[in-house]
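Reading the structure
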Amino acid sequence: MPSATLHALGASATAETGTGVLASIESSVDSVFSDVAAGLSSVVFYSVTIGGATFPLIVGWLVLAGLIFTVYFGFIQVRGLKVAVETIRGRFSKESDPGEVTHFQALTSAVSGTVGLGNIAGVAVAVTVGGPGATFWMIIAGLLGMCTKFVECTLGVKYREVHEDGSVTGGPFRYLKVAFAKLKVTWVGTILTGIFAVAIFFFGVAGGNMFQANQTFAQFRNITGGEDGFLGSTGAAFVFGIVLAALVGAVILGGITSIGRVTSKLVPAMAIVYVLACLIVILGNVGQVPEAVGAILSNAFNPEGVAGGVLGALIVGFQRAAFSNEAGIGSAPIAHSAVKTHRPVSEGFVALLEPFVDTVVICTMTALTIIIASPASWLDARETVAAGGASPDGVVLTSDAFESVISWFPIVLAIAVALFAFSTLITWSYYSEKAWAHFFGRSRGSLLTFKVVYCLFTVIGTVMTFSSVLTLADAMLFLCALVNIIGLYILAPVVKDELRSYLADRRSGKLAREGQDVPTA
(Lines give C-alpha, C1' and ligand atoms only; values in the text may rest on other atoms or scores of the structure.)
Protein backbone atom coordinates (compact mmCIF):
# COMPACT_ATOMS: atom_id res chain seq x y z
CA MET A 1 0.00 0.00 0.00
CA PRO A 2 1.14 3.59 -0.56
CA SER A 3 0.51 4.41 3.07
CA ALA A 4 2.52 7.24 4.54
CA THR A 5 2.77 5.07 7.64
CA LEU A 6 5.92 3.71 6.06
CA HIS A 7 7.79 6.94 6.67
CA ALA A 8 7.56 6.01 10.33
CA LEU A 9 9.27 2.71 9.51
CA GLY A 10 12.41 4.53 8.51
CA ALA A 11 11.76 4.23 4.79
CA SER A 12 11.49 7.87 3.87
CA ALA A 13 14.11 10.33 2.82
CA THR A 14 14.00 13.29 5.16
CA ALA A 15 15.11 16.87 4.84
CA GLU A 16 18.51 15.70 3.64
CA THR A 17 17.59 16.85 0.15
CA GLY A 18 16.86 20.37 1.19
CA THR A 19 18.95 22.86 3.13
CA GLY A 20 18.49 26.44 4.16
CA VAL A 21 15.22 27.79 2.74
CA LEU A 22 13.82 24.35 1.91
CA ALA A 23 14.51 23.04 5.40
CA SER A 24 12.87 26.13 6.83
CA ILE A 25 9.77 25.62 4.68
CA GLU A 26 9.53 21.99 5.79
CA SER A 27 9.81 23.00 9.42
CA SER A 28 7.15 25.71 9.07
CA VAL A 29 4.67 23.46 7.27
CA ASP A 30 5.20 20.65 9.78
CA SER A 31 4.63 23.08 12.61
CA VAL A 32 1.30 24.19 11.15
CA PHE A 33 0.04 20.63 10.57
CA SER A 34 1.53 18.93 13.63
CA ASP A 35 -1.33 19.62 16.04
CA VAL A 36 -3.99 18.75 13.45
CA ALA A 37 -2.15 15.57 12.51
CA ALA A 38 -1.73 14.53 16.13
CA GLY A 39 -5.37 15.22 16.94
CA LEU A 40 -6.88 13.37 13.98
CA SER A 41 -4.45 10.47 14.32
CA SER A 42 -5.33 10.03 17.98
CA VAL A 43 -8.98 9.60 16.95
CA VAL A 44 -8.63 7.52 13.77
CA PHE A 45 -5.86 5.31 15.17
CA TYR A 46 -7.26 5.11 18.70
CA SER A 47 -5.71 2.03 20.23
CA VAL A 48 -6.39 -0.30 23.10
CA THR A 49 -3.92 -2.58 24.84
CA ILE A 50 -4.80 -6.27 24.81
CA GLY A 51 -2.51 -8.72 26.58
CA GLY A 52 0.40 -6.32 26.34
CA ALA A 53 -0.10 -5.61 22.60
CA THR A 54 -1.43 -2.33 21.20
CA PHE A 55 -4.38 -2.70 18.82
CA PRO A 56 -5.67 0.19 16.67
CA LEU A 57 -9.47 -0.07 16.59
CA ILE A 58 -9.56 0.96 12.92
CA VAL A 59 -7.82 -2.34 12.11
CA GLY A 60 -10.52 -4.20 14.03
CA TRP A 61 -13.16 -2.23 12.11
CA LEU A 62 -11.67 -3.36 8.79
CA VAL A 63 -11.10 -7.01 9.74
CA LEU A 64 -14.54 -7.31 11.38
CA ALA A 65 -16.17 -6.06 8.18
CA GLY A 66 -14.32 -8.72 6.21
CA LEU A 67 -15.47 -11.41 8.64
CA ILE A 68 -19.11 -10.29 8.61
CA PHE A 69 -19.25 -10.02 4.82
CA THR A 70 -17.53 -13.41 4.45
CA VAL A 71 -20.26 -15.10 6.50
CA TYR A 72 -23.08 -13.07 4.93
CA PHE A 73 -22.01 -13.94 1.38
CA GLY A 74 -21.21 -17.57 2.12
CA PHE A 75 -17.42 -17.41 1.64
CA ILE A 76 -17.78 -15.99 -1.87
CA GLN A 77 -14.02 -15.36 -2.03
CA VAL A 78 -13.58 -19.16 -2.15
CA ARG A 79 -16.65 -20.09 -4.19
CA GLY A 80 -16.10 -17.30 -6.68
CA LEU A 81 -12.45 -17.79 -7.68
CA LYS A 82 -13.32 -19.64 -10.89
CA VAL A 83 -15.87 -16.97 -11.86
CA ALA A 84 -13.28 -14.26 -11.15
CA VAL A 85 -10.72 -15.83 -13.49
CA GLU A 86 -13.33 -16.31 -16.23
CA THR A 87 -14.42 -12.68 -15.92
CA ILE A 88 -10.87 -11.32 -16.14
CA ARG A 89 -10.39 -13.32 -19.33
CA GLY A 90 -13.41 -11.51 -20.78
CA ARG A 91 -15.57 -14.59 -21.18
CA PHE A 92 -18.80 -12.72 -20.42
CA SER A 93 -17.79 -9.30 -21.76
CA LYS A 94 -18.61 -7.30 -24.86
CA GLU A 95 -16.62 -4.45 -26.36
CA SER A 96 -19.83 -2.41 -26.44
CA ASP A 97 -20.41 -2.69 -22.68
CA PRO A 98 -20.55 0.71 -20.93
CA GLY A 99 -17.35 1.87 -19.26
CA GLU A 100 -13.79 2.88 -20.07
CA VAL A 101 -11.46 -0.07 -19.32
CA THR A 102 -11.51 -3.87 -19.44
CA HIS A 103 -11.83 -6.05 -16.34
CA PHE A 104 -8.12 -6.81 -16.46
CA GLN A 105 -7.15 -3.13 -16.76
CA ALA A 106 -9.47 -2.17 -13.89
CA LEU A 107 -7.86 -4.86 -11.73
CA THR A 108 -4.29 -3.79 -12.53
CA SER A 109 -5.15 -0.11 -12.02
CA ALA A 110 -6.48 -0.85 -8.54
CA VAL A 111 -3.68 -3.28 -7.69
CA SER A 112 -1.10 -0.67 -8.70
CA GLY A 113 -2.48 1.56 -5.95
CA THR A 114 -2.07 -1.13 -3.28
CA VAL A 115 1.03 -3.12 -4.20
CA GLY A 116 3.95 -1.02 -3.04
CA LEU A 117 6.30 -0.39 -0.17
CA GLY A 118 3.89 -1.99 2.30
CA ASN A 119 4.58 -5.33 0.63
CA ILE A 120 8.33 -4.86 0.93
CA ALA A 121 9.08 -2.83 4.06
CA GLY A 122 5.83 -3.41 5.97
CA VAL A 123 6.03 -7.20 5.83
CA ALA A 124 9.62 -7.16 7.08
CA VAL A 125 8.48 -5.17 10.09
CA ALA A 126 5.58 -7.58 10.64
CA VAL A 127 7.78 -10.70 10.84
CA THR A 128 10.22 -8.83 13.07
CA VAL A 129 7.77 -7.31 15.56
CA GLY A 130 5.19 -10.11 15.39
CA GLY A 131 7.52 -12.98 14.55
CA PRO A 132 7.03 -15.49 11.70
CA GLY A 133 3.54 -16.23 13.05
CA ALA A 134 2.35 -12.77 12.02
CA THR A 135 2.45 -14.09 8.43
CA PHE A 136 -0.35 -16.56 9.19
CA TRP A 137 -2.63 -13.86 10.58
CA MET A 138 -1.70 -11.56 7.70
CA ILE A 139 -2.94 -14.24 5.27
CA ILE A 140 -6.18 -14.71 7.24
CA ALA A 141 -6.86 -10.95 7.20
CA GLY A 142 -6.09 -10.86 3.47
CA LEU A 143 -8.57 -13.66 2.77
CA LEU A 144 -11.27 -11.83 4.75
CA GLY A 145 -10.47 -8.59 2.94
CA MET A 146 -11.24 -10.30 -0.38
CA CYS A 147 -14.94 -10.29 0.51
CA THR A 148 -14.91 -6.62 1.52
CA LYS A 149 -13.40 -5.75 -1.88
CA PHE A 150 -16.12 -7.85 -3.54
CA VAL A 151 -18.85 -5.82 -1.83
CA GLU A 152 -17.45 -2.32 -2.30
CA CYS A 153 -16.44 -2.79 -5.94
CA THR A 154 -19.81 -4.30 -6.88
CA LEU A 155 -21.44 -1.20 -5.41
CA GLY A 156 -18.92 1.04 -7.16
CA VAL A 157 -20.17 -0.22 -10.52
CA LYS A 158 -23.83 -0.58 -9.48
CA TYR A 159 -24.24 3.10 -8.67
CA ARG A 160 -21.70 4.66 -11.03
CA GLU A 161 -22.54 7.54 -13.34
CA VAL A 162 -21.54 7.27 -17.00
CA HIS A 163 -21.11 10.79 -18.39
CA GLU A 164 -21.91 11.98 -21.92
CA ASP A 165 -18.25 11.78 -22.94
CA GLY A 166 -18.12 8.14 -21.85
CA SER A 167 -16.10 8.81 -18.68
CA VAL A 168 -17.28 7.33 -15.40
CA THR A 169 -17.64 8.47 -11.79
CA GLY A 170 -18.23 5.78 -9.21
CA GLY A 171 -17.23 4.44 -5.83
CA PRO A 172 -18.20 5.94 -2.48
CA PHE A 173 -18.85 9.30 -4.18
CA ARG A 174 -22.00 7.70 -5.56
CA TYR A 175 -23.08 4.84 -3.31
CA LEU A 176 -22.74 6.62 0.05
CA LYS A 177 -25.52 9.01 -0.98
CA VAL A 178 -27.69 6.08 -2.08
CA ALA A 179 -27.11 4.23 1.17
CA PHE A 180 -28.25 7.07 3.39
CA ALA A 181 -31.10 7.96 1.07
CA LYS A 182 -32.45 4.47 1.83
CA LEU A 183 -32.44 5.46 5.50
CA LYS A 184 -34.17 8.73 4.56
CA VAL A 185 -31.28 10.82 5.88
CA THR A 186 -29.89 12.06 2.58
CA TRP A 187 -28.13 14.96 4.27
CA VAL A 188 -25.97 12.53 6.25
CA GLY A 189 -24.87 10.86 3.03
CA THR A 190 -24.03 14.25 1.52
CA ILE A 191 -21.89 15.23 4.49
CA LEU A 192 -20.10 11.87 4.69
CA THR A 193 -19.44 11.88 0.94
CA GLY A 194 -17.85 15.31 1.32
CA ILE A 195 -15.70 14.05 4.19
CA PHE A 196 -14.66 11.06 2.09
CA ALA A 197 -13.76 13.32 -0.85
CA VAL A 198 -11.62 15.63 1.29
CA ALA A 199 -9.88 12.73 3.00
CA ILE A 200 -9.04 10.76 -0.14
CA PHE A 201 -7.92 13.90 -1.99
CA PHE A 202 -5.59 14.86 0.82
CA PHE A 203 -4.06 11.41 1.02
CA GLY A 204 -3.79 11.20 -2.77
CA VAL A 205 -1.77 14.41 -2.97
CA ALA A 206 0.40 13.77 0.08
CA GLY A 207 0.68 10.02 0.69
CA GLY A 208 -0.07 8.74 -2.80
CA ASN A 209 1.98 11.42 -4.54
CA MET A 210 4.54 13.36 -2.48
CA PHE A 211 5.62 10.39 -0.40
CA GLN A 212 5.98 8.12 -3.43
CA ALA A 213 7.95 10.76 -5.35
CA ASN A 214 10.24 11.21 -2.37
CA GLN A 215 10.83 7.46 -2.11
CA THR A 216 11.52 7.11 -5.81
CA PHE A 217 14.25 9.75 -5.66
CA ALA A 218 15.69 8.32 -2.44
CA GLN A 219 16.02 4.83 -3.97
CA PHE A 220 17.65 6.08 -7.16
CA ARG A 221 20.04 8.21 -5.15
CA ASN A 222 20.98 5.22 -3.00
CA ILE A 223 21.94 3.06 -5.99
CA THR A 224 23.92 5.85 -7.68
CA GLY A 225 26.37 6.53 -4.88
CA GLY A 226 24.18 8.19 -2.25
CA GLU A 227 25.14 11.71 -1.18
CA ASP A 228 28.45 11.36 -2.99
CA GLY A 229 26.86 10.28 -6.28
CA PHE A 230 25.54 12.50 -9.06
CA LEU A 231 22.04 12.49 -7.55
CA GLY A 232 23.48 13.80 -4.29
CA SER A 233 24.46 17.10 -5.88
CA THR A 234 22.62 20.38 -5.35
CA GLY A 235 19.50 20.65 -7.45
CA ALA A 236 19.46 16.95 -8.40
CA ALA A 237 16.23 16.33 -6.48
CA PHE A 238 14.49 19.21 -8.26
CA VAL A 239 15.56 18.03 -11.72
CA PHE A 240 14.59 14.46 -10.86
CA GLY A 241 11.20 15.73 -9.68
CA ILE A 242 10.62 17.58 -12.95
CA VAL A 243 11.41 14.44 -14.98
CA LEU A 244 9.19 12.26 -12.76
CA ALA A 245 6.34 14.79 -12.94
CA ALA A 246 6.63 14.84 -16.74
CA LEU A 247 6.35 11.04 -16.85
CA VAL A 248 3.36 11.09 -14.52
CA GLY A 249 1.73 13.89 -16.51
CA ALA A 250 2.21 12.00 -19.78
CA VAL A 251 0.18 9.12 -18.36
CA ILE A 252 -2.54 10.88 -16.36
CA LEU A 253 -3.47 13.33 -19.13
CA GLY A 254 -5.17 10.38 -20.84
CA GLY A 255 -7.33 9.61 -17.82
CA ILE A 256 -8.22 6.13 -16.58
CA THR A 257 -7.95 4.69 -20.10
CA SER A 258 -4.30 5.69 -20.29
CA ILE A 259 -3.65 4.67 -16.69
CA GLY A 260 -5.24 1.29 -17.39
CA ARG A 261 -3.04 0.71 -20.43
CA VAL A 262 0.13 1.49 -18.47
CA THR A 263 -0.75 -0.47 -15.32
CA SER A 264 -1.91 -3.49 -17.33
CA LYS A 265 1.69 -3.77 -18.56
CA LEU A 266 3.60 -2.42 -15.55
CA VAL A 267 1.85 -4.22 -12.66
CA PRO A 268 2.15 -7.79 -14.00
CA ALA A 269 5.78 -7.17 -15.02
CA MET A 270 6.93 -5.79 -11.69
CA ALA A 271 4.95 -8.38 -9.72
CA ILE A 272 6.45 -11.22 -11.76
CA VAL A 273 10.00 -9.89 -11.32
CA TYR A 274 9.54 -9.53 -7.57
CA VAL A 275 7.88 -12.93 -7.10
CA LEU A 276 10.57 -14.62 -9.24
CA ALA A 277 13.25 -13.07 -7.05
CA CYS A 278 11.47 -14.42 -3.98
CA LEU A 279 11.28 -17.86 -5.60
CA ILE A 280 15.02 -17.79 -6.29
CA VAL A 281 15.67 -17.31 -2.58
CA ILE A 282 13.03 -19.85 -1.55
CA LEU A 283 13.93 -22.55 -4.10
CA GLY A 284 17.62 -21.95 -3.53
CA ASN A 285 16.97 -22.98 0.06
CA VAL A 286 14.17 -25.45 -0.65
CA GLY A 287 15.28 -27.71 2.17
CA GLN A 288 14.40 -24.96 4.64
CA VAL A 289 10.88 -24.39 3.29
CA PRO A 290 9.16 -26.98 5.54
CA GLU A 291 10.90 -25.49 8.58
CA ALA A 292 9.85 -21.97 7.58
CA VAL A 293 6.23 -22.97 7.02
CA GLY A 294 6.31 -24.83 10.33
CA ALA A 295 7.65 -21.71 12.05
CA ILE A 296 4.84 -19.60 10.57
CA LEU A 297 2.16 -22.03 11.78
CA SER A 298 3.62 -22.78 15.21
CA ASN A 299 4.54 -19.17 15.95
CA ALA A 300 1.04 -18.02 15.01
CA PHE A 301 -0.26 -19.73 18.16
CA ASN A 302 2.88 -19.88 20.27
CA PRO A 303 5.11 -16.94 19.33
CA GLU A 304 8.47 -16.30 20.98
CA GLY A 305 9.73 -12.87 21.90
CA VAL A 306 6.51 -11.12 20.78
CA ALA A 307 4.79 -8.55 23.01
CA GLY A 308 1.31 -9.83 23.82
CA GLY A 309 2.03 -13.41 22.77
CA VAL A 310 -0.44 -14.89 20.28
CA LEU A 311 -2.57 -11.74 20.41
CA GLY A 312 0.50 -9.68 19.62
CA ALA A 313 1.28 -11.79 16.54
CA LEU A 314 -2.37 -11.67 15.45
CA ILE A 315 -2.56 -7.89 15.85
CA VAL A 316 0.63 -7.25 13.89
CA GLY A 317 -0.47 -9.58 11.09
CA PHE A 318 -3.96 -8.06 10.87
CA GLN A 319 -2.55 -4.55 10.96
CA ARG A 320 -0.08 -5.14 8.13
CA ALA A 321 -2.73 -6.79 5.94
CA ALA A 322 -5.23 -4.00 6.54
CA PHE A 323 -2.65 -1.31 5.83
CA SER A 324 -1.47 -3.13 2.70
CA ASN A 325 -4.51 -4.18 0.66
CA GLU A 326 -6.87 -1.24 1.42
CA ALA A 327 -9.94 -3.50 1.59
CA GLY A 328 -12.77 -1.35 2.96
CA ILE A 329 -11.00 1.97 2.41
CA GLY A 330 -13.17 2.87 -0.60
CA SER A 331 -10.34 3.72 -2.98
CA ALA A 332 -10.46 0.60 -5.19
CA PRO A 333 -14.16 1.01 -6.16
CA ILE A 334 -13.24 4.31 -7.82
CA ALA A 335 -10.95 2.51 -10.29
CA HIS A 336 -13.17 -0.53 -10.68
CA SER A 337 -16.25 1.59 -11.44
CA ALA A 338 -14.72 2.50 -14.82
CA VAL A 339 -14.87 -1.11 -16.05
CA LYS A 340 -16.70 -2.08 -19.22
CA THR A 341 -19.65 -4.14 -17.98
CA HIS A 342 -23.40 -4.04 -17.57
CA ARG A 343 -23.33 -6.55 -14.68
CA PRO A 344 -21.96 -4.82 -11.53
CA VAL A 345 -21.25 -7.99 -9.57
CA SER A 346 -18.91 -9.21 -12.32
CA GLU A 347 -16.42 -6.57 -11.20
CA GLY A 348 -16.92 -7.62 -7.60
CA PHE A 349 -15.58 -11.03 -8.56
CA VAL A 350 -12.58 -9.42 -10.27
CA ALA A 351 -11.88 -7.15 -7.29
CA LEU A 352 -11.79 -9.96 -4.75
CA LEU A 353 -8.53 -11.07 -6.37
CA GLU A 354 -6.79 -7.86 -5.25
CA PRO A 355 -6.16 -8.78 -1.59
CA PHE A 356 -5.24 -12.27 -2.78
CA VAL A 357 -2.50 -10.91 -5.06
CA ASP A 358 -1.42 -8.14 -2.69
CA THR A 359 -1.48 -9.92 0.67
CA VAL A 360 -1.81 -13.68 0.21
CA VAL A 361 0.74 -13.90 -2.62
CA ILE A 362 3.18 -10.97 -2.56
CA CYS A 363 3.25 -10.29 1.20
CA THR A 364 3.58 -14.01 1.95
CA MET A 365 6.41 -14.38 -0.56
CA THR A 366 8.26 -11.50 1.12
CA ALA A 367 7.76 -13.06 4.56
CA LEU A 368 8.97 -16.50 3.41
CA THR A 369 12.03 -14.93 1.77
CA ILE A 370 13.03 -13.18 4.99
CA ILE A 371 12.31 -16.16 7.24
CA ILE A 372 14.21 -18.61 5.02
CA ALA A 373 17.18 -16.31 4.37
CA SER A 374 17.26 -15.22 8.05
CA PRO A 375 19.83 -12.44 7.49
CA ALA A 376 21.82 -11.40 10.54
CA SER A 377 20.19 -7.94 10.46
CA TRP A 378 16.74 -9.55 10.85
CA LEU A 379 17.83 -11.78 13.74
CA ASP A 380 19.46 -8.81 15.47
CA ALA A 381 16.36 -6.68 14.88
CA ARG A 382 14.12 -9.34 16.44
CA GLU A 383 16.30 -9.34 19.56
CA THR A 384 16.19 -5.55 19.68
CA VAL A 385 12.40 -5.46 19.42
CA ALA A 386 12.00 -8.25 22.01
CA ALA A 387 14.12 -6.16 24.38
CA GLY A 388 11.82 -3.16 23.87
CA GLY A 389 13.79 -1.46 21.12
CA ALA A 390 12.46 0.48 18.13
CA SER A 391 10.99 -1.05 14.98
CA PRO A 392 13.55 -1.73 12.24
CA ASP A 393 13.97 -0.29 8.76
CA GLY A 394 11.91 -2.77 6.76
CA VAL A 395 13.41 -2.03 3.35
CA VAL A 396 16.91 -2.79 4.63
CA LEU A 397 15.83 -6.11 6.16
CA THR A 398 14.16 -7.23 2.93
CA SER A 399 17.16 -6.10 0.89
CA ASP A 400 19.53 -8.00 3.20
CA ALA A 401 17.43 -11.16 2.82
CA PHE A 402 17.72 -11.00 -0.96
CA GLU A 403 21.39 -10.03 -0.87
CA SER A 404 22.24 -13.13 1.16
CA VAL A 405 21.34 -15.21 -1.94
CA ILE A 406 21.51 -12.71 -4.83
CA SER A 407 24.37 -10.29 -4.22
CA TRP A 408 23.24 -7.81 -6.89
CA PHE A 409 19.53 -7.86 -6.04
CA PRO A 410 19.47 -4.65 -3.92
CA ILE A 411 19.80 -2.76 -7.23
CA VAL A 412 16.84 -4.64 -8.69
CA LEU A 413 14.91 -4.03 -5.46
CA ALA A 414 15.58 -0.30 -5.72
CA ILE A 415 14.22 -0.30 -9.27
CA ALA A 416 11.21 -2.37 -8.17
CA VAL A 417 10.47 0.13 -5.39
CA ALA A 418 10.64 2.94 -7.96
CA LEU A 419 8.21 1.12 -10.27
CA PHE A 420 5.85 0.37 -7.39
CA ALA A 421 5.97 4.03 -6.43
CA PHE A 422 5.34 5.22 -10.01
CA SER A 423 2.33 2.92 -10.46
CA THR A 424 0.97 4.22 -7.16
CA LEU A 425 1.50 7.81 -8.29
CA ILE A 426 -0.56 7.44 -11.44
CA THR A 427 -3.37 5.43 -9.81
CA TRP A 428 -3.81 7.86 -6.94
CA SER A 429 -3.96 10.72 -9.42
CA TYR A 430 -7.21 9.19 -10.66
CA TYR A 431 -8.64 8.80 -7.14
CA SER A 432 -7.66 12.37 -6.30
CA GLU A 433 -9.10 13.66 -9.57
CA LYS A 434 -12.52 12.23 -8.71
CA ALA A 435 -12.38 13.95 -5.32
CA TRP A 436 -11.40 17.23 -7.01
CA ALA A 437 -14.29 16.90 -9.47
CA HIS A 438 -16.68 16.32 -6.56
CA PHE A 439 -16.03 19.88 -5.42
CA PHE A 440 -14.91 21.75 -8.56
CA GLY A 441 -16.76 19.99 -11.35
CA ARG A 442 -15.67 18.01 -14.37
CA SER A 443 -15.03 20.76 -16.88
CA ARG A 444 -11.98 20.35 -19.08
CA GLY A 445 -10.32 23.37 -17.49
CA SER A 446 -11.00 22.11 -13.96
CA LEU A 447 -9.53 18.66 -14.60
CA LEU A 448 -6.50 20.10 -16.42
CA THR A 449 -5.88 22.41 -13.45
CA PHE A 450 -5.98 19.40 -11.14
CA LYS A 451 -3.44 17.49 -13.22
CA VAL A 452 -1.05 20.44 -13.23
CA VAL A 453 -1.42 20.81 -9.45
CA TYR A 454 -0.88 17.08 -8.94
CA CYS A 455 2.32 17.11 -10.99
CA LEU A 456 3.51 20.19 -9.08
CA PHE A 457 3.17 18.26 -5.83
CA THR A 458 5.18 15.43 -7.40
CA VAL A 459 8.10 17.87 -7.71
CA ILE A 460 7.55 19.21 -4.18
CA GLY A 461 7.48 15.67 -2.81
CA THR A 462 10.80 14.85 -4.47
CA VAL A 463 12.50 17.85 -2.91
CA MET A 464 10.89 17.87 0.52
CA THR A 465 9.19 15.57 3.03
CA PHE A 466 6.57 17.08 5.31
CA SER A 467 6.44 14.58 8.19
CA SER A 468 3.31 15.99 9.83
CA VAL A 469 1.51 16.28 6.49
CA LEU A 470 2.24 12.61 5.81
CA THR A 471 1.01 11.64 9.27
CA LEU A 472 -2.19 13.60 8.65
CA ALA A 473 -2.58 12.00 5.21
CA ASP A 474 -2.32 8.55 6.79
CA ALA A 475 -5.12 9.38 9.20
CA MET A 476 -7.19 10.78 6.34
CA LEU A 477 -6.96 7.52 4.39
CA PHE A 478 -8.28 5.44 7.26
CA LEU A 479 -10.94 8.04 8.00
CA CYS A 480 -12.29 6.95 4.61
CA ALA A 481 -12.74 3.43 5.99
CA LEU A 482 -14.84 4.66 8.91
CA VAL A 483 -17.22 6.30 6.45
CA ASN A 484 -17.12 3.75 3.63
CA ILE A 485 -17.88 0.58 5.59
CA ILE A 486 -21.06 2.06 7.06
CA GLY A 487 -22.34 2.44 3.51
CA LEU A 488 -21.31 -1.14 2.69
CA TYR A 489 -23.34 -2.53 5.60
CA ILE A 490 -26.44 -0.61 4.51
CA LEU A 491 -26.21 -1.75 0.88
CA ALA A 492 -25.05 -5.36 1.44
CA PRO A 493 -28.56 -6.75 0.64
CA VAL A 494 -28.37 -5.02 -2.76
CA VAL A 495 -25.10 -6.82 -3.50
CA LYS A 496 -26.64 -10.12 -2.43
CA ASP A 497 -29.50 -9.66 -4.90
CA GLU A 498 -27.00 -8.85 -7.67
CA LEU A 499 -25.02 -11.97 -6.78
CA ARG A 500 -28.05 -14.29 -6.86
CA SER A 501 -29.14 -12.95 -10.27
CA TYR A 502 -25.64 -13.19 -11.76
CA LEU A 503 -24.99 -16.75 -10.62
CA ALA A 504 -28.44 -17.86 -11.78
CA ASP A 505 -27.81 -16.38 -15.23
CA ARG A 506 -24.39 -18.04 -15.34
CA ARG A 507 -25.89 -21.45 -14.55
CA SER A 508 -28.64 -21.02 -17.14
CA GLY A 509 -26.20 -19.99 -19.87
CA LYS A 510 -27.66 -16.50 -20.21
CA LEU A 511 -24.30 -14.85 -19.52
CA ALA A 512 -22.63 -16.85 -22.26
CA ARG A 513 -25.33 -15.77 -24.71
CA GLU A 514 -24.96 -12.11 -23.67
CA GLY A 515 -21.20 -11.88 -24.01
CA GLN A 516 -18.34 -12.78 -26.24
CA ASP A 517 -14.60 -13.05 -25.75
CA VAL A 518 -12.77 -9.72 -26.01
CA PRO A 519 -9.11 -8.85 -25.43
CA THR A 520 -8.53 -8.05 -21.76
CA ALA A 521 -5.02 -6.60 -21.83
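Residues numbered from 1 in each chain as written. Predicted model: local features only at pLDDT ≥ 70, side-chain atom pairs only at ≥ 80, totals over all residues. Heavy atoms only, no water.

**Brief notes about the pattern of salt bridges**
- Counted under the stated rule, the structure contains seven salt bridges.
- Between Arg-506 and Glu-86 there is a salt bridge whose closest N-O contact spans 3.0 Å. In this pair, Arg-506 sits in helix H21 (residues 467-508) while Glu-86 sits in helix H4 (residues 81-88), placing the two residues 420 residues apart along the sequence.
- Using a relative accessible area of 9% as the deciding quantity, one classes Glu-86 as buried.
- Taking the shortest distance from any N to any O, the salt bridge between Glu-498 and Lys-158 comes out at 2.7 Å. With Glu-498 in helix H21 and Lys-158 in helix H7 (residues 134-158), this pair connects stretches of sequence that are 340 residues apart.
- A relative accessible area of 17% means that Glu-498 is categorised as buried.
- Take Lys-158: its relative accessible area is 33%, and that puts it in the partly exposed class. (Salt bridge = Lys/Arg side-chain N within 4 Å of Asp/Glu carboxyl O. Helix = DSSP H or I, 4+ residues; strand = E, 2+ residues; numbered from the N terminus. Buried < 20%, exposed > 50% of the residue type's maximum accessible area, 1.4 Å probe, protein only.)

**What about the nonpolar core?**
- One finds Phe-73, Phe-150, Val-248, Phe-349 and Phe-478 to be the most contacted residues of the largest nonpolar core, which totals 148 residues.
- Counting residues per element, this core draws most heavily on H21, at 20 residues.
- When residues no more than four places from it in sequence are discounted, the contact partners of Val-248 are Phe-422, Leu-425, Ile-426, Tyr-454 and Cys-455. (Core = buried A, V, L, I, M, F, W, Y, C linked by side-chain atoms within 4.5 Å. Contact = heavy atoms within 4.5 Å.)

**Points about the packing of aromatic side chains**
- According to the stated counting rule, one finds 21 aromatic pairs in the structure shown.
- Ring geometry for Tyr-274 and Phe-402: centres 5.8 Å apart, planes at 70 degrees, overall edge-to-face. With Tyr-274 in helix H11 (residues 255-284) and Phe-402 in helix H18 (residues 394-403), this pair connects stretches of sequence that are 128 residues apart.
- Residue Phe-402 is classed as buried on the basis of its relative accessible area of 0%.
- Ring-pair connections join several aromatic residues into one group, and the members of that group are Trp-61, Phe-69, Tyr-72, Phe-73, Phe-150, Phe-349, Tyr-489 and Tyr-502.
- Above the face of the Tyr-72 ring, Lys-496 is positioned so that its terminal group lies 3.9 Å from the ring centre. (Phe/Tyr/Trp six-rings, centres within 6.5 Å; stacked < 30°, edge-to-face > 60°. Lys NZ or Arg CZ within 6 Å of the ring centre and 35° of its normal.)

**Remarks on the side chain of Thr-364**
- Structurally, Thr-364 can be placed in helix H16 (residues 353-373).
- Look past the residues within four positions of Thr-364 in its chain and what remains in contact with it is Thr-135, Met-138, Ile-139 and Thr-359.

**Some details on the environment of Thr-384**
- Mapped onto the elements, Thr-384 comes out in helix H17 (residues 376-386).
- Among the residues examined, Thr-384 registers a relative accessible area of 39% and is labelled partly exposed.

**Concerning H4**
- Turning to H4, its buried residues are Val-83, Ala-84, Glu-86, Thr-87 and Ile-88.
- Two residues or fewer after H4 comes Gly-90, characterised by a positive phi angle close to 85 degrees.

**Focus: the side chain of Ser-432**
- Topologically, Ser-432 is positioned in helix H19 (residues 409-440).
- Of the polar contacts made by the side chain of Ser-432, one reaches the backbone oxygen of Trp-428; its length is 2.8 Å.
- With near-sequence residues (within four places) excluded, Ser-432 lies in contact with Ile-200, Phe-201, Gly-204, Val-205, Phe-450 and Tyr-454. (Polar contact = N/O pair within 3.5 Å; in protein donor to acceptor, adjacent residues only side chain to side chain.)

**A few points about H16**
- For H16, with 21 residues, the first-to-last C-alpha span of 28 Å sits near the 30 Å given by 1.5 Å per residue.
- In H16, a bend of some 25 degrees at Thr-364 exceeds every other bend along the element.
- The buried count for H16 comes to 18 of 21 residues, which makes it a mostly enclosed element.
- Phi turns positive one or two residues past the end of H16, at Ser-374, with a value near 45 degrees. (Expected span 1.5 Å × (residues − 1). Bend = angle between axes of the 7 residues up to and from the residue.)

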